[in-house]
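Observations on the three-dimensional arrangement
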Amino acid sequence: MNASLALIWTITAATTLLQAGNGLLQALMPLRMQAEGISVASIGVVAAAYGLGFSTGCFLAPSFIRHVGYIRAFASLAAMVAVLILAMTQAHSTLAWIVLRGLTGVTLACIFTVTDGWISARATSSHRGRILSIYMICTKVALMLSPLGIGFGDIRTDGLFMTVSALITLSLLPIAATTTTEPAAPQGVRIEVRKLFATAPSAVVGAFVVGLVNGPVIAITPVFGVSIGLSQDQAAALLFALQAGSLAMQWPLGWLSDRADRRYVIAGLAAGTSLVSLLILWASAQGANLLILWSFAAWGGLALCIYSVCVAHACDIVDPGQIVSTVGTLLFSWAAGVTVGPLFGAAAMEMMGPKGLFIYSGVASLGLVAFIVVRILQVERSPAKGGFADIAPTSSATASLTPRADIQAVDGQAPAADSRRGADESDQKGEASAVARADTAS
């Protein structure tokens, strides 16, 4: 464990601080816009701008990192995000929010490419599981707990935005303090939606629908909470419940998906999402606040886990040399859903009131169930033989964190991160000894 921490403590500490700021921002922005009288439809457009910016940043990032390197890229991008957050304190129109949120989408996507690529370069076969677990748990806990920070400030003042900016600025410190050699820059990724759809349509459609559903729910949940009568603190706690449910259910569902045709798991998760959406509607109509919180945890445990199963399903089917392109294509499909989903979710709320968000969620999830069932009836597949990994839709660099990255290495088709294994291992030994001498842990 100490050796694994030695390899990744700087980038994990930086990403944890970054996600703490990002999680607080996810709760703060919609509440601030609502308090300023911006309509739900406009909040949906702002969320769509973030999706568009994020999808753009994912595919601009590799060339930028190749030009300046990982450390300079992280430092410049984090500084830019911190400035954009401060600029949000002066945003008083929908257009200003759209521009600022779109730019934060671009910059955050580039930062996540830096962090995922750095972790990928350190995740050799001997450390892969431990490195991925440490990294994901730290960042997921930060994303989960940070929305609760809404209770420590007033959304109508600038203090919470300054807190977000400070957390993102502090993420620069671990990166600036690193004494290790940064990994080689990532390569670009080919996006082949048509080709992957012909090979693994359930994965492509699943990733797209995940974006359609998860995008608006995460972006508009605080507004939904306030609209049904919850306080701002309670509304922010719904985001905590979503992420907590995802963290709790990720690995049990991964264990299940490693022992069955993953399409059954995708269909089951989507069906469960639809049912829990109905439960949320019923609980909100009854004013059962505790049941609402638990329902959101269940929703997160189902809906937020579908993407990882889609990635594992696609990686079961494609050739090992196509893993990186496959994950990049699924990320593109997810980003397309995140871009348009908030528009549909917000429109549903405008037409039907708060309940419209989860009516939309339930219907879209049922559409995915129908598609997967048709595919199961058309094509029979063998049960999976392992290979699930907790992959978040943050960058194509996460392809090197899948267990099948080791298969690529065996076949001589390793991604750039693993092809540098010899050089990285010498750096890792130096890192481990330096950290042991300093007795440092993340």
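The numbers attached to residues start from 1 for each chain and follow its sequence in the written order. pLDDT decides what is reported in this predicted model: residues at 70 or higher carry local features, side-chain atom pairs at 80 or more are listed and counted, and totals for whole chains, interfaces and linings draw on all residues regardless. Neither water nor hydrogens contribute to the side-chain values; these are computed over all heavy atoms in the structure.

On to the overall build of the protein chain. Elements are defined by DSSP. Helices are runs of H or I of four residues or more, strands are runs of E of two residues or more, and each kind is numbered from the N terminus. Along the protein chain, the regular secondary structure elements total 18 helices and zero strands. Pairs at least 24 residues apart make up 85% of the contacts formed inside the protein chain by residues separated by at least 6 positions. Residue contacts follow a heavy-atom distance rule, with two residues in contact if any of their heavy atoms lie within 4.5 Å.

What follows is about the confidence of the model for the protein chain. For the protein chain, the mean per-residue pLDDT works out to 83, and 82% of the residues sit at or above 70. One number per residue, pLDDT, summarises how confident the predictor is, and it ranges from 0 to 100. Mean pLDDT across the elements of the protein chain ranges from a minimum in helix α18 (residues 421-438), with 36, to a maximum in helix α6 (residues 159-170), with 96. Low pLDDT (under 50) marks residues 407-442, which in the prediction has 53 contacts with non-local residues, meaning those over four places away or in another chain.

On to the pattern of salt bridges, then. One side-chain nitrogen of Lys or Arg within 4 Å of one carboxyl oxygen of Asp or Glu is enough to make a salt bridge. One pass over the full model with this rule turns up four salt bridges. For E36, the salt bridge goes to R32, with nearest N and O atoms at 3.1 Å. When accessible area is computed with a 1.4 Å probe and restricted to protein chains, residues below 20% of their type maximum are described as buried, those above 50% as exposed, and intermediate ones as partly exposed. E36 gets classed as partly exposed once you look at its relative accessible area, which sits at 30%. For R32, a relative accessible area of 4% corresponds to the buried category. A salt bridge links D261 to R263; its shortest N-O distance comes to 2.8 Å. Overall, the relative accessible area of 7% leaves D261 in the buried class. The structure contains a network of salt bridges with shared partners spanning R32, E36 and D158.

On to a nonpolar patch on the surface. What goes into a patch is any residue over 30% in relative accessible area without a salt bridge, connected to like charges within 9 Å or, for nonpolar side chains (Val, Leu, Ile, Met, Phe, Trp, Tyr), within 5 Å. Using a 1.4 Å probe, accessible areas were evaluated by the Shrake-Rupley method; residue-level cover was limited to the displayed protein chains. Where nonpolar side chains cluster on the molecular surface, the patch consists of V45, L343 and F344 and spans about 250 Å² of accessible area. With respect to the element layout, L343 can be found in helix α14 (residues 323-352).

What follows deals with the packing of aromatic side chains. Planes of paired rings set the category: under 30 degrees apart is stacked, over 60 is edge-to-face and the rest tilted, where pairs are Phe, Tyr or Trp rings (Trp by its six-membered ring) whose centres lie within 6.5 Å. Within the structure shown, the criterion is met by 10 aromatic pairs. For the ring pair W97 and F161, a centre distance of 6.3 Å and an interplane angle of 40° mean the geometry is tilted. Separated by 64 residues along the polypeptide, W97 in helix α4 (residues 94-122) and F161 in helix α6 bring together distant segments of the chain. With respect to class, W97 is no different from F161; both count as buried. These aromatic residues form a ring-pair network of at least three members: Y50, F54, F112 and W334. Directly above the aromatic system of Y50 lies the positively charged group of R101, at a separation of 4.1 Å from the ring centroid. Should the NZ of a Lys or the CZ of an Arg lie within 6 Å of a ring centre and within 35 degrees of the ring normal, that charge is described as sitting over the ring.

Next up on the list: the side chain of T339. Structurally, T339 is set in helix α14. In protein, a polar contact means a hydrogen-donor-capable atom and an acceptor-capable atom, both N or O and within 3.5 Å, with residues adjacent in sequence counting only if both atoms are side-chain atoms; elsewhere, any N or O pair within 3.5 Å suffices. Polar contacts involving the side chain of T339 include one to the main-chain amide nitrogen of L52, which spans 3.3 Å. In terms of polar contacts, T339 uses its side chain to reach the backbone carbonyl oxygen of A335, at 2.8 Å. Setting aside chain neighbours within four positions, we find T339 in contact with A48, G51, L52 and S55.

Right, let's talk about the environment of G337 for a bit. Mapping G337 onto the fold places it in helix α14. In this structure the C-alpha to C-alpha distance between G337 and L212, which are 125 residues apart in sequence, comes to 4.3 Å.

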